[in-house]
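Residue strings, one per chain:
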Number of protein chains: 2
Amino acid sequence: MVFFAVIGHQAKNDGSFNLNDLPGAGGRMDLLCRCVQASLFLSHGIREDASCILILSGGPGPVKTVRFDGASVRSLSPDERSSASFIKKSLEIPAGNLFREVTPGVLVRKAGLETLLGEHQFGVLDEHGIDIRNASVEELPEGFLLSDHQNFTAEEELLIRELPRYSLGPQVVHADHAIVLLWNEIDRRRSGWN
Amino acid sequence: MVFFAVIGHQAKNDGSFNLNDLPGAGGRMDLLCRCVQASLFLSHGIREDASCILILSGGPGPVKTVRFDGASVRSLSPDERSSASFIKKSLEIPAGNLFREVTPGVLVRKAGLETLLGEHQFGVLDEHGIDIRNASVEELPEGFLLSDHQNFTAEEELLIRELPRYSLGPQVVHADHAIVLLWNEIDRRRSGWN
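The structure presented is a predicted model; accordingly, all values stated were derived computationally and were not measured. (Residues numbered from 1 in each chain as written. Chains lettered and ligands numbered in written order. Predicted model: local features only at pLDDT ≥ 70, side-chain atom pairs only at ≥ 80, totals over all residues. Heavy atoms only, no water.)

Engineer: Can you break down the pairing of strand β4 (residues 50-56) of chain B residue by residue, with the values?
Structural biologist: Across a regular strand the side chains alternate sides, sitting on one face of the sheet and then on the other. Residue and element names in this part refer to chain B. With 7 of 7 residues buried, β4 lies mostly within the body of the structure. Covered by surrounding structure in β4 are A50, C52, L54 and L56 together with S51, I53 and I55, the residues of both alternating faces. Pairing geometry for strand β1 (residues 2-8) and β4, over 7 bridges, is parallel. Counted as the bridge partner of V2 is A50 from β4. In this structure, β4 lies alongside strand β5 (residues 64-69), joined through 6 bridges in antiparallel fashion. Residue pairing for β5: I53 is matched across the bridge by R67. (Buried < 20%, exposed > 50% of the residue type's maximum accessible area, 1.4 Å probe, protein only. Helix = DSSP H or I, 4+ residues; strand = E, 2+ residues; numbered from the N terminus. Pairing = 2+ DSSP bridges.)

Engineer: Now, about the domain arrangement of chain A: what can you tell me, with residues and values included?
Structural biologist: Residues and elements named next belong to chain A. Splitting chain A by domain gives domain 1 (2-114) and domain 2 (123-141 + 151-190). Taking only C-alpha atoms into account, the centre of domain 1 sits 21 Å from that of domain 2. Between domain 1 and domain 2, the residue contacts involve 15 residues of the former and 16 residues of the latter. Buried surface at the junction of domain 1 and domain 2, summed over both partners, amounts to about 1,300 Å²; 70% is from carbon and sulfur atoms. It is F4, H9 and R47 in domain 1 that bury the most area against domain 2; as a group they hold 34% of the surface buried on that side. (Domains from an automatic or database assignment. Contact = heavy atoms within 4.5 Å. Buried area = accessible area lost by both parts, 1.4 Å probe.)

Engineer: Tell me about the sheet that holds strand β10 (residues 165-167) of chain B, residues and numbers included.
Structural biologist: Residues and elements named next belong to chain B. Ordered in space as β6-β7-β5-β4-β1-β9-β8-β10, the 8 strands form an open sheet in which the pairing is mixed. Two strands in the sheet have a free side with no partner beyond their single neighbour: β6 (100-103) and β10. Direction aside, neighbouring strands of the sheet carry axes that sit 35 degrees apart on average. The sheet contact formed by β1 and strand β9 (residues 143-147) spans 5 bridges and is parallel. Bridge pairing in β9 links V6 to L146. In this fold helix α1 (residues 29-40) packs onto β1, β4 and β5, with an angle of close to 165 degrees to the strand it touches most, β4. (Axes fitted to C-alpha atoms, helices over the stretch in contact; angles between N-to-C directions.)

Engineer: If you had to explain the sheet that holds strand β10 (residues 165-167) of chain A to someone new, which residues and values would you point to?
Structural biologist: Residue and element names in this part refer to chain A. The sheet built from 8 strands is open, its strands ordered β6-β7-β5-β4-β1-β9-β8-β10 with mixed pairing. Both outer strands of the open sheet, β6 (100-103) and β10, are each paired with one neighbouring strand and no more. Within the sheet, the average angular offset between the axes of one strand and its neighbour, ignoring direction, is 35 degrees. As paired strands, strand β8 (residues 122-131) and β10 are joined by 4 bridges and run parallel to one another. Its bridge partner being in β10, D131 is matched across the sheet by S167. Of the strands in this sheet, β1 (2-8), β4 (50-56) and β5 (64-69) are in contact with helix α1 (residues 29-40), which crosses β4 at around 165 degrees. Running at roughly 170 degrees to β1, helix α5 (residues 175-190) makes contact with β1, β4, β8 and β9 (143-147) of the sheet.

Engineer: Now, about the side chain of S39(B): what can you tell me, with residues and values included?
Structural biologist: Residue position: S39(B) is located in helix α1. Non-local contacts of S39(B), meaning those with residues more than four positions away in its chain, are made with F4(B), R47(B), A50(B), C52(B), I179(B) and W183(B).

Engineer: Report on the interface of chain B and chain A, specifying residues and quantitative values.
Structural biologist: At the interface, 40 residues of chain B touch 40 residues of chain A. A combined buried area of about 3,600 Å² lies between chain B and chain A, and 53% of that area is made up of carbon and sulfur atoms. Counting across the interface, chain B meets chain A through 4 salt bridges. The shortest N-O distance in the salt bridge between R188(B) and D131(A) comes to 2.8 Å. Joining chain B to chain A, the criterion identifies 23 residue pairs in polar contact (both at pLDDT 80 or more). The set of elements that each furnish at least two residues to the side of chain B that touches chain A consists of α1, β2 (41-42), α2 (80-91) and α5 (175-190) of chain B. Considering each element in turn, the side of chain B that touches chain A owes the most residues, 8 residues, to α5(B). When grouped by side-chain class, the residues that make up the side of chain B that touches chain A number 13 nonpolar, 14 polar and 13 charged. (Salt bridge = Lys/Arg side-chain N within 4 Å of Asp/Glu carboxyl O. Polar contact = N/O pair within 3.5 Å; in protein donor to acceptor, adjacent residues only side chain to side chain. Nonpolar A, V, L, I, M, F, W, Y, C, P; charged D, E, K, R; others polar.)

Here it is, written out as structure tokens:
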């Protein structure tokens, strides 16, 4: 299993956002939707060993987490609006402290980064981290934590200060593009490519 | 300059598609929009040395080409709907055989693959091509030609039969993801990373 977790600092967590305005009303929900797509989609199939975990911190309610599991999700298409409609649906039902399945492969709970960090081993991306191409498959963590268009907050940095840090290249790219690059590294290692 | 050209085999070319249904009514216009985004966007900026060229072949009219130039485009956001609205606008005005600027950095003309191949040197992606990581910066072409969710047609294959072919990894990925991987290769070579 590979986990990609993305913090949406401004992403709305009450389901009231308009599907026609994902960047504005959704709080850059467009970016989170592309992260779902980058985590789960191959050209003609779904990656069944992948989960994409979205931490929606933009209010108005307490932080919620929505998880997409490649193994069981159904009827998800790669366009932003498709993921967004699943997220919206997830946010419209009552959420508790444990994950609740909204529809096959899509789950929601009230919890944020701290809870998640206790459940999986994550690496983070950092332009000053080690070049990911120099890390062996055994050295890679089971998941990667990314931030949306904003940097991690000081509070988040404190929580993740011990995590291994990787760099993907000389340019700082969007979170969804980072996921694409990470998958390529994992795919290459799994298949014995260099 | 780096050129990314994508053939949209079913992509509508008359501007009548609904922005709320890019995959269906647009003929997988969602994928083409993500290709624009992958070609032009860095985390906090636009790649000024990039162009994304969309070949819209899905009718109802003759094939049209829409080009986005990173150096001059304005008010483009990374979400699919933003690129889609520029494409729609481009298709709603009369197009001739030469590129016509619709709005800064967005151009349209009536022409397809054959014309484009006479203008730039392209490489294509092919799972049986050479591993891109083994190509030096001098060996890389000035542009890459990609296909949408469908393979190149027999007619297209005939036109591109002499072009160099590259593989990006063991998995076949979406065209927009391929562009992300190509940019990473180019960025690394330009900056002296391995």
